[in-house]
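Structural overview
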Amino acid sequence: MADPSSYRPKPGQIPDSPGVYKFRDEHRRVIYVGKAKNLRQRLANYFQDLAGLHPRTRSMVTTAASVEWTVVSTEVEALQLEYTWIKEFDPRFNVKYRDDKSYPYLAVTLNEEFPRVQVMRGAKKKGVRYFGPYGHAWAIRETVDLMLRVFPVRTCSAGVFKNAVRTGRPCLLGYIGKCSAPCVGRVTPEEHRELAEDFCDFMAGRTGTYIRRLEREMAEAAEEMEYERAARLRDDAGALKRAMEKSAVVLADATDADLIAVAEDELEAAVQIFHVRGGRVRGQRGWVTDKVEAVDTSGLVEHALQQLYGEEAGDAVPKEVLVPALPEDPGAVSEWLSRRRGSQVSLRIPQRGDKKDLMATVQRNAVQALGLHKTKRASDLTTRSRALEEIAEALGLDGAPLRIECYDISHLQGDDVVASMVVFEDGLARKSEYRRFQIKGFEGQDDVRSMHEVIGRRFRRYLADKERTGDWDDTPAPGGGTPADVPGLPAPAGSDATGSAPGLPLADGHAPAESAAAAGPLEAEPLTVPFGEDPAGTDRAPEAQDDPFAVEGPREDDGRPKRFAYPPQLVVVDGGQPQVAAAKRALDELGIDDIAVCGLAKRLEEVWLPDDDDPVVLPRSSEGLYLLQRVRDEAHRFALTYQRAKRAKRVRSSPLDGVAGLGETRKLALLKHFGSVKKLRQATIDEICEVPGIGRRTAESVAVALASAAPAAPAVNTATGEIMEESDGGTP
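Residues numbered from 1 in each chain as written. Predicted model: local features only at pLDDT ≥ 70, side-chain atom pairs only at ≥ 80, totals over all residues. Heavy atoms only, no water.

Read from one edge of the open sheet, 3 strands run β5-β4-β6, paired in antiparallel fashion. Edge positions in the open sheet fall to β5 (117–120) and β6 (129–131), since each of these has one partner strand only. Between one strand axis and the next, the sheet turns by 35° as a mean value, whatever way the strands run. As defined by bridge partners, strand β4 (residues 105–108) adjoins β5 across 4 bridges and the pair is classed as antiparallel. Within β5, the residue paired with Leu-106 across the bridge is Val-119. Along the sheet face, helix α7 (residues 189–203) touches β4, β5 and β6 and points at about 150° away from the line of β4. (Pairing = 2+ DSSP bridges. Helix = DSSP H or I, 4+ residues; strand = E, 2+ residues; numbered from the N terminus. Axes fitted to C-alpha atoms, helices over the stretch in contact; angles between N-to-C directions. Contact = heavy atoms within 4.5 Å.)

Below, the discussion takes up the sheet that holds strand β7 (residues 257–264). Strand order across the open sheet formed by 5 strands is β9-β8-β7-β10-β11, with mixed pairing between neighbours. Each having just a single partner strand, β9 (280–290) and β11 (346–348) make up the two edges of the open sheet. Within this sheet the neighbouring strands show an average axis-to-axis angle of 15°, counted without direction. Two elements, strand β10 (residues 320–322) and β11, share 3 bridges in a ladder whose sense is parallel.

On to the environment of Gln-118. Mapped onto the elements of the fold, Gln-118 is located in strand β5. Along the primary structure Gln-118 and Arg-141 are separated by 23 residues, whereas in three dimensions their C-alpha atoms are 8.5 Å apart. For Gln-118, the contacting residues outside a window of four places in its chain are Tyr-105, Leu-106, Ala-107 and Thr-109.

With that out of the way, let us pick up the pairing of strand β1 (residues 19–24). Of all the 6 residues making up β1, 6 are buried; the element is thus mostly covered by neighbouring parts of the structure. Residues of β1 alternate between two faces, with Gly-19, Tyr-21 and Phe-23 on one and Val-20, Lys-22 and Arg-24 on the opposite face, all of them buried. Here β1 runs beside strand β3 (residues 66–71); their pairing, made up of 6 bridges, is antiparallel. Residue pairing in the sheet places Arg-24 in a bridge with Ser-66 of β3. Judged from the 6 bridges that link them, β1 and strand β2 (residues 30–36) form a sheet pairing that is antiparallel. Bridging from a neighbouring strand, Arg-24 pairs with Val-30 of β2. (Buried < 20%, exposed > 50% of the residue type's maximum accessible area, 1.4 Å probe, protein only.)

Here it is, written out as structure tokens:
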């Protein structure tokens, strides 16, 4: 525990201007961000007697190791910079509202030639009209299903749409009258866009025009004795009325406003937001947060406003925001909201009338949400605490392992060997810390060697970061070594880069120049994966494709979460004694003796410790064993998913992939022109040259590549004995 007086700045060093400050821990990670009208007065509050501080504030200042600040011109700039830094650094002691991006919206893609109505989540896209958010996706689908009777807008995906265009047949919705079928030309693009804009107008609250029009057309059809058409129009009007009933009028003056309510106790707080547009509740969302900092209701409201509108602009910010308590500086917050909207925004507490009554309803929702959350979490929090205590007791640890890393190796008969690292903090998966590795140092099946390589590379990078930031302990490493003796780490100034005399072999028997090559290259790809999604199947690209284990030069200590900067209290490997011994040997070679290692064998679910001949057997009902199983299974799933993705990518390779200078566009042009690889293989060079963009030299390369890839015998269907013809890029 750090003493705040050890890093307290002198009073004369701190300006009395508005600004934003951040506390960092011993690893240079930003742990708290705050803003102040007067930096000198605000920071002085953190360095008073510890006994007088709030427990959460005391925990923060004793965890921190330094404090920095940035001066700004106005309080509005401070508010914006505070929000930016909280998003960028993800400090652990700041209030963070969970599930902010999980709420579904009803979206109309007006940026496409044929606009589509669909459910969308996540960041908003330019040119798309959004309505919501909604509490559940099924609520959106029910509303859309009712409205498609009157506004038959396209709802199919791009693949279904293209298939309908190719075949000339619409999907089922086109046959039952719930899609205008622009894919087959039943309506023009202009007519379809007009339907989409009418759909948006109705969702925006301009409902009376369309219902009156349907009722008028129904009366006219009845007078002309077109009773079937009149009945259909009657049903259409009824469908629109039922859709309107799902968002009843709550404010008679067609107000556009967001109402925010907060329910809190000593440890947690729940925030509920009702989005009112045109006097109707068009969306609802709720957040729950741990009160990791000393914050009152006004502070929670301010954090909620930053979270809600920090990335919004224009009409997404309403004209009126109603709150239960005003922020510390309501003028600055109101000005910030007005800038984001582009016009004046009113921030106030409702005092009377319908708005006060609706705020009471929002408040009741917040109270119920907090109660439900605490009911669900109570048993889970107790179970996780007990599990960590049981693991610490069984393994003889000094304290509960708050950060656990688990490693697993996956391959298919020695091919596509990969490894995974998953991280659990406080007993919960921290998926943003997951890493996946591609092992290329050797070929074949050797789980023990792979485990040794992965553990060594991971902690070599940790030591490199630690040495770069000056956190080395002067105590020699086991065996008389020093930080410079660790192969692959950058040496201090004035010393040999390898930590040994030039030309002499290292401890592993390799010369310094070849030590890195002896270890073998290892690629790691850090991922940011939404909870519940398949990491290998996610659409979000890895943050890097390079080898992060190669020792880099110093980088800016900006406080962002580093790839391998934080050590675990416990390393778990998927396997028995051999894998555990390999992991322990890798740590010993690096001089690391303060990280516990264990392995969990699948056969009997035994826990193996280094240098122990007998395993530790936990009771089958043990919460600690269940947590270790969950960690091990998650590492196995993550590694297996990555291995399968790599294998599938390799299997999908084409004979054309090896043709130099032939990109995806010209590959598609060739296949489109000839119809299949088989027909392309049978074509002459002159015929290949007829394809636009293909010159004679490229045509010759294509012909040579296909000839060398030709199979020796035709493929045979083993079930029927028939010779299979190549029609889709396979072999003849």
